[in-house]
Amino acid sequence: MNDLESSILSVWHSSAAAWTKVVREGTIPSRQLVTDAAIVEAVLARQPQRVIDLGCGEGWLLRALAAHGIDGLGVDAVPAMVDTARAAGGGCFVTMDYAAIAAGSLDERADIVVCNFSLLGEASVDRLLAAIPPLLAPGGALLIQTLHPWSACGEADYRDGWREGSWAGCGEGFGEAAPWYFRTFAGWMRSFSAAGLVLASMREPLHPHSGRPASVIFELVPR
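Everything numeric in this text was worked out from a predicted model, so none of it was measured.

Cut-offs applied
Residues numbered from 1 in each chain as written. Predicted model: local features only at pLDDT ≥ 70, side-chain atom pairs only at ≥ 80, totals over all residues. Heavy atoms only, no water. Helix = DSSP H or I, 4+ residues; strand = E, 2+ residues; numbered from the N terminus. Rg over C-alpha atoms; globule rule 2.2 N^0.38 Å. Buried < 20%, exposed > 50% of the residue type's maximum accessible area, 1.4 Å probe, protein only. Salt bridge = Lys/Arg side-chain N within 4 Å of Asp/Glu carboxyl O. Arc of directions from axis to C-beta. Contact = heavy atoms within 4.5 Å. Pairing = 2+ DSSP bridges. Axes fitted to C-alpha atoms, helices over the stretch in contact; angles between N-to-C directions. Right-handed = clockwise from strand over helix to strand, strands pointing away.

## Digging into the overall build of the chain
Counting secondary structure elements, the chain contains nine helices and nine strands. Relative to the compact-globule value of 17 Å for 223 residues, the chain shows a C-alpha radius of gyration of 16 Å, a close match. A principal-axis box enclosing the C-alpha atoms of the chain has dimensions of 40 × 40 × 40 Å. A buried classification covers 48% of the 223 residues belonging to the chain.

Now the structure itself:
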């Protein structure tokens, strides 16, 4: 793992408490207005019985899905996040990093695997994506919600590459922000193809104030 990849995990280990507070107090407007509901709707549209949430954080998504009778397993690399999620209930939660999942350590299957704003690295993400098909039950799908490449590009060149992170809009209590690997739409398609995944559909949830995409949700199935 290179220094940029490892620094992502380091930052999230140190930011677990601050992030939990932000999520549970609902202080990020785009989440409250658009993206939280968008990923819940995308999951419910496939009527799954069981969901695996990779990078589950403090577990809000599985709690939301449990209210609809959906069984969930949350997986996160940060023990403090997993402990917080487990205490709140809504599913089963385990501590495991993406490297272990890529190596085949997650012996589970589900109708939906979801990655909700949890794919931040480069090689680590590509290895994780390649490990997704065995986690899917027959007819299952992977749902990824991430920053919309065009909206998230800002003033930088529209090309794949590492970017500096920011906690802007997240409130207080955060330290250094983690870097993240920006992918264009073409970059995502290359990663999906290399992992044996095919794009089945795509949603672009719009921010109600700006009218611009707040995120993109990819629905993928094994080739």
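## Topic: the pattern of salt bridges
On inspection of all chains with the given rule, the structure shows eleven salt bridges. Residue Arg46 is joined to Glu219 by a salt bridge in which the shortest nitrogen-to-oxygen separation is 2.4 Å. Here Arg46 is found in the loop between helix H3 (29–44) and strand E1 (50–54), whereas its partner Glu219 is found in strand E9 (residues 216–222), with 173 residues between them in sequence. Under the relative-accessibility criterion, Glu219 is labelled buried at 13%. When salt bridges with common partners are traced through the structure, they connect Arg24, Glu58 and Arg63 into a single cluster.

## Brief notes about unusual backbone geometry
Located in the positive-phi region is Gln47, a residue other than glycine, with phi close to 50 degrees. Along the chain, the position of Gln47 falls in the loop between H3 and E1.

## Some remarks on helix H9 (residues 185–194)
Buried residues of H9: Gly187, Trp188, Ser191 and Phe192, and no others. Down the axis of H9, the buried side of the element spans an arc of 135 degrees, and every buried residue falls inside it. Along H9, exposed side chains directed more than 90 degrees from the buried face belong to Arg190 and Ala194. Its buried side turned inward, H9 meets helix H7 (123–130), strand E5 (136–146), helix H8 (149–152), strand E8 (197–203) and E9. Following H9 by one or two positions, Gly196 has its phi on the positive side, about 80 degrees.

## Points about H7
Among the residues making up H7, those that are buried are Ser124, Val125, Leu128 and Leu129. Angularly, the buried residues of H7 cover 135 degrees about the axis, an arc narrow enough to put them on a single face. Contacts from the buried residues of H7 go to helix H1 (3–14), E1, helix H6 (98–102), E5, H9 and E8.

## A closer look at the sheet that holds strand E3 (residues 92–95)
One open sheet accounts for seven strands, arranged E3-E2-E1-E4-E5-E9-E8; its pairing is mixed. The two strands at the open ends of the sheet, each matched to only one other strand, are E3 and E8. Sheet twist, expressed as the mean angle between neighbouring strand axes with direction ignored, is 20 degrees. Judged from the six bridges that link them, strand E4 (residues 110–116) and E5 form a sheet pairing that is parallel. Residue pairing across strands places Ala110 opposite Leu136, the latter belonging to E5. Packed on one face of the sheet, H9 meets E5, E8 and E9 and runs near 20 degrees to E9.

## Regarding the pairing of strand E2 (residues 71–76)
Within E2, five of the six residues are buried, which leaves the element mostly enclosed by the surrounding structure. Where E1 meets E2, five bridges bridge the pair, whose relative direction is parallel. Paired with Asp53 across the bridge in E2 is Gly74. Remark: the E1/helix H4 (residues 60–66)/E2 crossover connection has right-handed handedness. Sheet topology note: the E2/E3 ladder contains four bridges and is parallel. Bridging from a neighbouring strand, Gly74 pairs with Phe93 of E3. Note that the unit made of E2, helix H5 (residues 79–88) and E3 has a crossover that is right-handed.

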